[in-house]
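# Geometric and topological summary
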Amino acid sequence: MLSQILKAKLILVLIISLSLFILGRDNLKAAYSETASNKITAEESIKKDAINKQDPSKKPLMLLNQDGNQIEIDSLMGKPLVMTFIYTRCPSPTKCPLIMRRMVGLQKELIDYKDKVNFAVISLDPAYDTPRVLKEYAEISNADLYNFTLLTGPQEDVDKVIRRFKIYMEEEEPGIISHSLDTFLMDPKGVIRRVFPGAFWEVEVAAEEVIKVIEEEQKAKGQKLEAQEGVLKLD
């Protein structure tokens, strides 16, 4: 009899624990869904504004791409640019590897806009992440290098980019880097429009934001062309 009572209590405890776990998981999903939506959070707005307000006369930022060619960061602009910071030997599957999957997933989601958007991944571990390592990483990750660039370079040059985008980074031990997880969406002029924090941002939400920037740019170009044609008619 006592054994049956204990079993019943144990089953009840398990049911309650499972219910609390499911409730907590659903609440977490709901909370994340709120932050990952098109709504710009206060934290994102502060970071975005801090970066955008920097001196526009700053010197060009030069790095090396996966082919070993020197690239100026601003040369990737002129189109919306989605950019993030990772390192290839990151041991945590829910950090850099997940961000890379998100980036490649976003590229595939925007396949119909491949001529209208660029993607860039900057290594935080340039001593290890040589151009050759980055190219192999791109191949393993199934990134289409048509509009996807992986960047490295001398630590001094990488540090300049890190400072410009206010990325926190600290090497905890050899090969292990603690860093902020931010993915930036910039418009063709290099103005940051969104900051997607963490590694769990939703590809579909990010795609909507990129398309919004593309459509705004196309609309602006159309209005500029109409204005020019109007001036020509007056002449």
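So, how was this worked out
Residues numbered from 1 in each chain as written. Predicted model: local features only at pLDDT ≥ 70, side-chain atom pairs only at ≥ 80, totals over all residues. Heavy atoms only, no water. Helix = DSSP H or I, 4+ residues; strand = E, 2+ residues; numbered from the N terminus. Buried < 20%, exposed > 50% of the residue type's maximum accessible area, 1.4 Å probe, protein only. Contact = heavy atoms within 4.5 Å. Pairing = 2+ DSSP bridges. Axes fitted to C-alpha atoms, helices over the stretch in contact; angles between N-to-C directions. Core = buried A, V, L, I, M, F, W, Y, C linked by side-chain atoms within 4.5 Å. pLDDT = per-residue confidence, 0-100. Salt bridge = Lys/Arg side-chain N within 4 Å of Asp/Glu carboxyl O. Phe/Tyr/Trp six-rings, centres within 6.5 Å; stacked < 30°, edge-to-face > 60°. Lys NZ or Arg CZ within 6 Å of the ring centre and 35° of its normal.

This paragraph deals with the overall build of the protein chain. A count of helical and extended segments in the protein chain gives six helices and nine strands. Split into buried and exposed, the 235 residues of the protein chain put 38% on the buried side. Relative to all contacts within the protein chain whose residues are 6 or more apart in sequence, the contacts with residues 24 or more apart total 73%.

Turning our attention to the pairing of strand β8 (residues 182-186). Consecutive side chains of a regular strand alternate in pointing toward one face of the sheet and then the other. In terms of residue burial, β8 counts as a mostly covered element, since five of its five residues are buried. Of the two faces of β8, the one lined by Asp182, Phe184 and Met186 and the one lined by Thr183 and Leu185 are each fully buried. The pairing of strand β3 (residues 81-86) with β8 spans four bridges and is antiparallel. Paired with Leu81 across the strands is Met186, a residue of β8. Relative to strand β9 (residues 192-197), β8 runs antiparallel, the two sharing five bridges. Bridge assignment links Leu185 to a residue of β9, and that residue is Arg194. Hairpin remark: β8 followed by β9, antiparallel, with five residues in the connecting loop; positive phi at Gly190, about 90°.

Here we have seven strands laid out as an open sheet, ordered β2-β1-β5-β4-β3-β8-β9, and mixed in their pairing. Edge positions in the sheet fall to β2 (70-72) and β9, since each has one partner strand and no second. Within this sheet the neighbouring strands show an average axis-to-axis angle of 30°, counted without direction. Sheet contacts for helix α3 (residues 96-109): β3, β4 (118-123), β5 (148-152) and β8; angle to β3, the most-contacted strand, approximately 165°. Against the sheet, helix α5 (residues 155-164) touches β1 (62-65), β3, β4 and β5, its axis set at about 110° to β1.

On to unusual backbone geometry, then. Phi at Asn142 is positive, roughly 65°, even though this residue is not glycine. Tracing the sequence through the fold places Asn142 in the loop between α4 (131-140) and β5. For Lys166, which is not glycine, the phi torsion reads 50° and is therefore positive. With respect to the helices and strands, Lys166 occurs in the loop between α5 and β6 (169-173).

Here we come to the nonpolar core. In terms of nonpolar packing, the biggest core is built from 33 residues, with Val82, Met100, Met103, Leu106, Phe119, Phe148 and Leu150 touching the most fellow members. Looking at this core, the elements that each hand over two or more residues are β3, α3, β4, α4, β5 and α6 (203-234). Looking at which element gives the most residues to this core, the answer is α3, with seven residues. Contacts of Leu150, omitting those with residues within four sequence positions, involve Leu64, Asn65, Gln66, Met100, Val121, Leu134, Tyr137, Ala138 and Leu145. Grouped together as the second largest cluster of nonpolar side chains are 22 residues, Met83, Phe85, Val161 and Met186 included.

On to the confidence of the model for the protein chain. Considering every residue of the protein chain, the mean pLDDT works out to 82; 71% of them sit at 70 or more. Here residues 9-37 scores under 50 on pLDDT; set against residues more than four positions off or in separate chains, the count is ten contacts.

This part takes up the pattern of salt bridges. Enumeration over the complete set of coordinates arrives at nine salt bridges. Residue Asp144 pairs with Lys114 through a salt bridge whose shortest N-O separation is 3.5 Å. Of this pair, Asp144 sits in the loop between α4 and β5 while Lys114 sits in the loop between α3 and β4, and the two are 30 residues apart along the sequence. What makes Lys114 partly exposed here is its relative accessible area of 27%. Several salt bridges converge on common partners, so that one network encompasses Asp187, Arg193 and Glu216.

Scanning the model with the defined rule gives five aromatic pairs in all. Taking the centre distance of 5.9 Å and the plane angle of 15° together, the rings of Phe119 and Phe148 count as stacked. With a gap of 29 residues between them, Phe119 in strand β4 and Phe148 in strand β5 connect regions that are remote in the sequence. Each member of the pair, Phe119 together with Phe148, is buried. One aromatic cluster is present, built from ring pairs that chain together Phe85, Phe165 and Phe184. Seen from the ring of Tyr146, Lys114 lies directly overhead, with NZ or CZ sitting 4.4 Å from the centre.

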